[in-house]
Amino acid sequence: MDTKKKNQKVKKITLPSGLDALLVPLKETRTVTVLILVRAGSEYEKKEINGISHFLEHMCFKGTIKRPTSKEISSLMDSLGANFNAFTSQEHTGYYVKVDSRHLDVALDLISDIYQNSLFKEEEMEKEKGVIIEEMNLDEDTPTSQIYDVLLRLLYGDQPAGWRVLGEKEIIKKITRPQFLDYIKNNYTADKTLVVVSGHFNEEIVEGYLKDLFKDINQNKGLVEQKIKESQKEPAVMIKNKKTDQTHLILGARAFDKFDERRYTLSLLSVILGQGMSSRLFQKIREEMGAAYYVYSLADLDCDHGFFGVATGVALNKTEEAVKVIMEAFREIANEPPQEAEVKKAKDYLKGKQALGLESSDEFAFFYGLQQLYYKEIFSLEEMYKRIDAVDAKMIMDLAKELFQPKNLNLAILGPFQKKKDEAKFKKLLS
């Protein structure tokens, strides 16, 4: 697949309404994906409406002016064999429909309809509150999800970046329809929204559809994301006591935002430490110690903050040893650059994963859409490969040395531990 040629075909247009759209033609596929991305998520919320971004995403499938019930919407999509869904993160919300390209007109009409004309009936809101609370219960029963929330609370405290995307049960129960309408007025605006059409389609026809369907889009000036305050002078530990059969933990270090050029270096550092079955920590914790089923590293970068972390679920009696092993891996790579062969393998791994993630219309929609939403430009795979190849072993070591200082380290633990006693014990391991 000639990704360079594909990148040259990507076209960004601004509709008369002020809405930006991205057209990504792919002649090799019979499908088309329509994706709407909105710069609105939990980091745009106030405490009294925490969770409304996610709640709103649910409600957009509960009926519109043209299609008054959720069954009408789902029946229409099922009749086309479509994939359709939505998602909410801390910084954006997305809605997408993927269909046979013959049904593009229906997909465009539906997704513009749920974005602009949802009814938000109060009786439907009350029913959906129960659904969301059960989603919260599921999340609370899933340690691999819950430990992430513990880490965010430890890193950012009682501010938007530290709140759950799902919100809190008591807040969700009290959210009202006027709050929904006010949130939409201030966030679902032309200047904060991007429409992406990716797949097999006629550009001229699609432009015509978009101009007509979004001619009356909300013209208000959208709210900006709340700035996150960070302050840390020593290692920090947070334990959530829960009866579990294993310890779930994330050992993280404060990093930087997604606009920092060092993000490519961080990606390679992450691969070396904990991505893939041959990574240092997978080999050590799972293969050598036999202490865990899952071990992985992650880099979570947002618009004005970010962190790097290593996550694992280990046998209860090997928790301290696992933390020590992760700390030793941090110190090792901060003091000695990785071998060239290991760096090359990490680069090939990263490139391969990116290429494998671009094989269908929906994958291209997300790949280019999120770039345009945040960076206001798009990068081809070849451009990304060049930036990855520009990273050397010393850059990886230098970044590790900067990140893995005790003052940056945060350990979140979920398991049957005593808060005060065990937090002090684990804190010593981070020094």
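Just so you know, these numbers come straight off a predicted model, no measurement behind them. (Residues numbered from 1 in each chain as written. Predicted model: local features only at pLDDT ≥ 70, side-chain atom pairs only at ≥ 80, totals over all residues. Heavy atoms only, no water.)

Engineer: Lay out the overall build of the protein chain in plain terms, naming residues and giving numbers.
Structural biologist: Looking only at helices and strands, one finds 17 helices and eleven strands in the protein chain. Relative to a compact globule of 431 residues, whose C-alpha radius of gyration would be 22 Å, the protein chain shows 23 Å and is just as compact. A principal-axis box enclosing the C-alpha atoms of the protein chain has dimensions of 60 × 50 × 35 Å. Long-range pairs, those at least 24 residues apart, make up 81% of the contacts in the protein chain with a sequence separation of at least 6. Counting every atom, the protein chain has about 19,300 Å² of accessible surface; 50% of that belongs to carbon and sulfur. One way to put it: in the protein chain the 64 positive side-chain charges average out to a point 2 Å from where the 67 negative ones average out. (Helix = DSSP H or I, 4+ residues; strand = E, 2+ residues; numbered from the N terminus. Rg over C-alpha atoms; globule rule 2.2 N^0.38 Å. Contact = heavy atoms within 4.5 Å. Areas by Shrake-Rupley, 256 points an atom, 1.4 Å probe, with all protein chains shown as cover. Lys, Arg positive; Asp, Glu negative; His and termini not counted. Charge placed at Lys NZ, Arg CZ, Asp CG, Glu CD.)

Engineer: Describe the packing of aromatic side chains, naming the residues involved and giving the relevant values.
Structural biologist: Enumeration over the complete set of coordinates arrives at 19 aromatic pairs. Geometrically, the ring pair formed by Y148 and F307 is tilted, given 6.2 Å between the ring centres and 50 degrees between the ring planes. Of this pair, Y148 sits in helix α6 (residues 143–156) while F307 sits in strand β10 (residues 306–315); the two residues are 159 residues apart in sequence, bridging distant segments of the chain. For the pair Y375 and F379, a centre-to-centre distance of 6.0 Å together with 70 degrees between the ring planes defines the contact as edge-to-face. Using a relative accessible area of 23% as the deciding quantity, one classes Y375 as partly exposed. Following the ring pairs from residue to residue traces out a cluster consisting of F61, F84, Y95, Y115, Y188 and F214. (Phe/Tyr/Trp six-rings, centres within 6.5 Å; stacked < 30°, edge-to-face > 60°. Buried < 20%, exposed > 50% of the residue type's maximum accessible area, 1.4 Å probe, protein only.)

Engineer: Explain the sheet that holds strand β8 (residues 246–254) to me, using residue names and the numbers behind them.
Structural biologist: With mixed pairing, five strands are arranged side by side in an open sheet as β7-β11-β8-β10-β9. The sheet is open, and its two borders are formed by β7 (236–241) and β9 (292–301), each paired with just one other strand. In this sheet, neighbouring strand axes are inclined to one another by 15 degrees on average, regardless of whether the strands run parallel or antiparallel. Alignment of β9 against β10, held across eight bridges, turns out to be antiparallel. For Y296, the partnering residue across the bridge sits in β10 and is A311. Running over the sheet, α6 touches β7, β8, β9, β10 and β11 (409–415) and is turned about 140 degrees from β11. (Pairing = 2+ DSSP bridges. Axes fitted to C-alpha atoms, helices over the stretch in contact; angles between N-to-C directions.)

Engineer: Explain the side chain of Q146 to me, using residue names and the numbers behind them.
Structural biologist: Its place among the elements puts Q146 in helix α6. Aside from chain neighbours lying at most four places away, what touches Q146 is D139, E140, K240, K242 and L414.

Engineer: Go over the packing of helix α12 (residues 319–335) against helix α17 (residues 419–429) with me, naming the residues and quoting the values.
Structural biologist: Where α12 contacts α17, the axes come no closer than 10 Å and their chain directions differ by 25 degrees. Judged by the inter-axis angle, α12 sits roughly parallel to α17. For the pair α12 and α17, the sense of crossing is right-handed. Residues T319, E320, V323, K324, M327 and R331 of α12 touch α17, and the partners they reach there are K425, F426 and L429. When the residues that make up the contact of α12 with α17 are grouped by side-chain class, the tally is four nonpolar, one polar and four charged. (Parallel < 35°, antiparallel > 145°, perpendicular 65-115°, else oblique. Left-handed = near helix turned anticlockwise from the far one by under 90°. Nonpolar A, V, L, I, M, F, W, Y, C, P; charged D, E, K, R; others polar.)

Engineer: Explain the confidence of the model for the protein chain to me, using residue names and the numbers behind them.
Structural biologist: Model confidence for the protein chain is summarised by a mean pLDDT of 95, while 98% of its residues fall at 70 or above. pLDDT under 50 marks residues 1–8. Its contacts with residues more than four places away, or in other chains, come to 17 contacts. (pLDDT = per-residue confidence, 0-100.)

Engineer: Can you explain unusual backbone geometry? Please cite residues and give values.
Structural biologist: Residues other than glycine seldom take positive phi values, yet F120 does so here, at roughly 55 degrees. Mapped onto the secondary structure, F120 falls in the loop between α4 (104–117) and α5 (122–140). Assessed through its relative accessible area of 5%, F120 is described here as buried. For K376, which is not a glycine, the phi torsion comes out positive at approximately 60 degrees. Mapping K376 onto the fold places it in the loop between α14 (361–375) and α15 (381–389). With relative accessibility at 53%, the residue K376 sits in the exposed group.

Engineer: Quick rundown of α4? Include the residues and the values.
Structural biologist: The end-to-end C-alpha distance of α4, which contains 14 residues, comes to 19 Å, matching closely the 20 Å that a straight helix rising 1.5 Å per residue would cover. Burial analysis of α4 places ten of its 14 residues in the buried class, the great majority of the element. Among all positions of α4, only L104, A107, L108, D109, L110, I111, S112, D113, I114 and Y115 are buried. Tucked into the core, α4 has its buried residues touching β3 (31–38), α3 (70–79), β5 (93–100), β6 (193–199) and α9 (203–213). (Expected span 1.5 Å × (residues − 1).)

Engineer: Explain α6 residue by residue, including any values.
Structural biologist: With 14 residues, α6 extends 20 Å from end C-alpha to end C-alpha; this agrees with the ideal 20 Å at 1.5 Å per step. Listed as buried for α6 are Q146, I147, D149, V150, L151, L152, L154, L155 and Y156. Buried residues in α6 make contact with α5, β7, β8, β10 and β11. Within two residues after α6, G157 carries a phi angle of roughly 65 degrees, on the positive side.

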